[in-house]
Amino acid sequence: DAKTTQPNSMESNEEEPVHLPCNHSTISGTDYIHWYRQLPSQGPEYVIHGLTSNVNNRMASLAIAEDRKSSTLILHRATLRDAAVYYCILRAYNNAGNMLTFGGGTRLMVKP
Amino acid sequence: NAGVTQTPKFRILKIGQSMTLQCTQDMNHNYMYWYRQDPGMGLKLIYYSVGAGITDKGEVPNGYNVSRSTTEDFPLRLELAAPSQTSVYFCASSYLTGGKNEQFFGPGTRLTVL
């Protein structure tokens, strides 16, 4: 899987929007952009994924740049429960192993 | 559904001891995975399975063995525990659905080797 680059940490105030960036300049045409998050002392959980178009679900929105070399995970109103490490991962559609390659992620801190 | 369950939650081993980490999923998923997570790091894949009877190595397989006799269970075996295997171990499962392939993770097993 291609490499992703994320800031080590970010801080947000409760109830405000949060934009978590991810750079993936070597992305290939068939790579899906996935986001997972890991709450303290828990296993990772799926947040959202996309290929080319922006995506929305109940947890977040994913904005994908037109050239697909970067993306942004948007939490519309951060809560204390959103404090977690957020991982941006590229997945090849035909990856036989279907493995997720986790980088260091971004640690999001939410202040009350 | 219970999802992915792992036992035990915590374990302390002495160097050279062996143990099996248990993982069970009740979602009828074909794919199962074992990851380890060292402090402050992302997860690394140890082994994975695409179905009963089929397993393959991931990024860091040395010192571990797996088997997959049923769809539900995917145990991870440590034969000769070493301090370098101190880590948190996560089991995951998924049902391949095109590009999504959402993986569901268990709560983890925290292992310390002294």
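Preceding this paragraph is the structure being described.
Every chain begins its residue count from 1, and numbering advances along the sequence as written. Each chain gets a letter, beginning with A, and each ligand a number, beginning with 1, in the order they are written. At least 70 in pLDDT is required for a residue's local features to be given in this predicted model, at least 80 for side-chain atom pairs to be given and counted, and no such filter applies to totals for whole chains, interfaces and linings, which use all residues. Side-chain descriptors were evaluated using all non-hydrogen atoms of the structure, hydrogens and water having been removed beforehand.

(A) Just the overall build of chain A, in detail. Only runs of H or I of at least four residues qualify as helices and only runs of E of at least two qualify as strands under DSSP, and these elements are numbered from the N terminus. Helices and strands together make up the secondary structure of chain A, namely zero helices and nine strands. Secondary structure elements in chain A, listed N-terminal to C-terminal, are β-β-β-β-β-β-β-β-β. We compute the radius of gyration over the C-alpha atoms and compare it with the globule rule, which gives 2.2 Å times the number of residues raised to the power 0.38. Its C-alpha atoms give chain A a radius of gyration of 13 Å, near enough to 13 Å, the size a compact globule of 112 residues would have. The principal-axis extent of the C-alpha atoms belonging to chain A is close to 40 × 30 × 25 Å.

(B) How the structure looks around the overall build of chain B. When its secondary structure is counted, chain B shows zero helices and 11 strands. The N-to-C order of helical and strand elements in chain B reads β-β-β-β-β-β-β-β-β-β-β. For chain B, whose C-alpha radius of gyration is 13 Å, the value lies close to the compact-globule estimate of 13 Å for 114 residues. Considered along the principal axes of its C-alpha atoms, chain B spans approximately 40 × 30 × 25 Å. Split into buried and exposed, the 114 residues of chain B put 46% on the buried side. Whether two residues are in contact is decided by their heavy atoms, any of which lying within 4.5 Å being enough. Across chain B, the fraction of contacts at a sequence separation of at least 24, relative to all contacts at a separation of at least 6, is 54%. Accessibility throughout is a Shrake-Rupley quantity obtained with a 1.4 Å probe, and a residue counts as covered only by protein chains that appear here. Of the roughly 5400 Å² of accessible surface on chain B, 52% is carried by carbon and sulfur atoms. Taken as two groups, the 10 positive and 8 negative side-chain charges of chain B have centres that lie 8 Å from each other. Partly exposed describes any residue whose relative accessible area lies between the buried limit of under 20% and the exposed limit of over 50%, with all areas from a 1.4 Å probe on protein chains only and scaled to the type maximum. For this count, His and the chain ends are skipped, Lys and Arg are scored as positive, and Asp and Glu as negative. The location of each charge is read from NZ of Lys, CZ of Arg, CG of Asp or CD of Glu.

(C) Geometry of the interface of chain A and chain B. In this assembly, 20 residues from chain A lie in contact with 21 residues from chain B. For the pairing of chain A and chain B, the buried interface totals around 1600 Å² over both sides, and the portion due to carbon and sulfur atoms is 56%. Distance and chemistry together define a polar contact, namely a pair of N or O atoms within 3.5 Å, with one atom able to donate a hydrogen and the other to accept it when in protein, and with adjacent residues in sequence counting only for side-chain atoms on both sides. Where chain A touches chain B, the interface holds three residue pairs in polar contact (both at pLDDT 80 or more). Only strand S3 (31-38), strand S4 (45-50) and strand S8 (84-92) of chain A provide two or more residues apiece to the side of chain A that touches chain B. No other element matches S3 of chain A, which puts four residues into the side of chain A that touches chain B. What gets called buried area is simply the loss in accessible area from a 1.4 Å probe that two parts show on being joined, summed for both.

(D) Here's a closer look at the sheet that holds strand S2 (residues 18-23) of chain A. All names here are of chain A. In this scheme, strands are said to pair when DSSP sees at least two bridges between them. The four strands lie next to each other as S2-S7-S6-S5, forming an open sheet whose pairing is antiparallel. Strand pairing shows two members of the sheet lacking a second neighbour, S2 and strand S5 (55-56), which therefore form its edges. Here S5 runs beside strand S6 (residues 61-64); their pairing, made up of two bridges, is antiparallel. From the neighbouring strand, Asn-56 faces S6, where its bridge partner is Ser-61.

(E) Structural view of the packing of aromatic side chains. Any two of the Phe, Tyr and Trp rings considered here, Trp counted by its six-membered ring, make a pair once their centres fall within 6.5 Å; the pair's planes then place it as stacked at under 30 degrees, edge-to-face at over 60, or tilted in between. For the structure on display, the rule yields nine aromatic pairs over all chains. Ring plane angle 85° and centroid distance 5.9 Å describe the contact between Phe-102 of chain A and Tyr-35 of chain B, whose orientation is recorded as edge-to-face. One end of the pair, Phe-102 of chain A, is in the loop between S8 and strand S9 (106-111); the other, Tyr-35 of chain B, is in strand S4 (residues 31-37), on a second chain. Pair check on accessibility: Phe-102 of chain A and Tyr-35 of chain B agree, each one buried. Any Lys NZ or Arg CZ that is within 6 Å of a ring centre and within 35 degrees of that ring's normal is treated as a charge sitting over the ring. Positioned above the aromatic ring of Phe-74 of chain B, the side-chain terminus of Arg-68 of chain B is 6.0 Å from the ring centre.

(F) Fine view of the pattern of salt bridges. Residues and elements named next belong to chain A. Just to be clear on terms, a salt bridge is a Lys or Arg side-chain nitrogen sitting within 4 Å of an Asp or Glu carboxyl oxygen. Scanning the model with the defined rule gives six salt bridges over all chains in all. Measuring nitrogen to oxygen at the nearest pair gives 3.1 Å for the salt bridge that ties Glu-11 to Lys-111. In this pair, Glu-11 is assigned in strand S1 (residues 9-13) and Lys-111 in strand S9, connecting sequence segments 100 residues apart.

(G) Focus on unusual backbone geometry. The linkage connecting Thr-7 of chain B with the following residue, Pro-8 of chain B, adopts the cis geometry, with an omega of -5°. Following the sequence through the fold, Pro-8 of chain B ends up in the loop between strand S1 (4-7) and strand S2 (10-13). In this model, Glu-15 of chain A sits at a positive phi of 75°, which is unusual for a non-glycine residue. Mapped onto the elements, Glu-15 of chain A comes out in the loop between S1 and S2.

Functional significance is not addressed by these values, which are geometric in nature.
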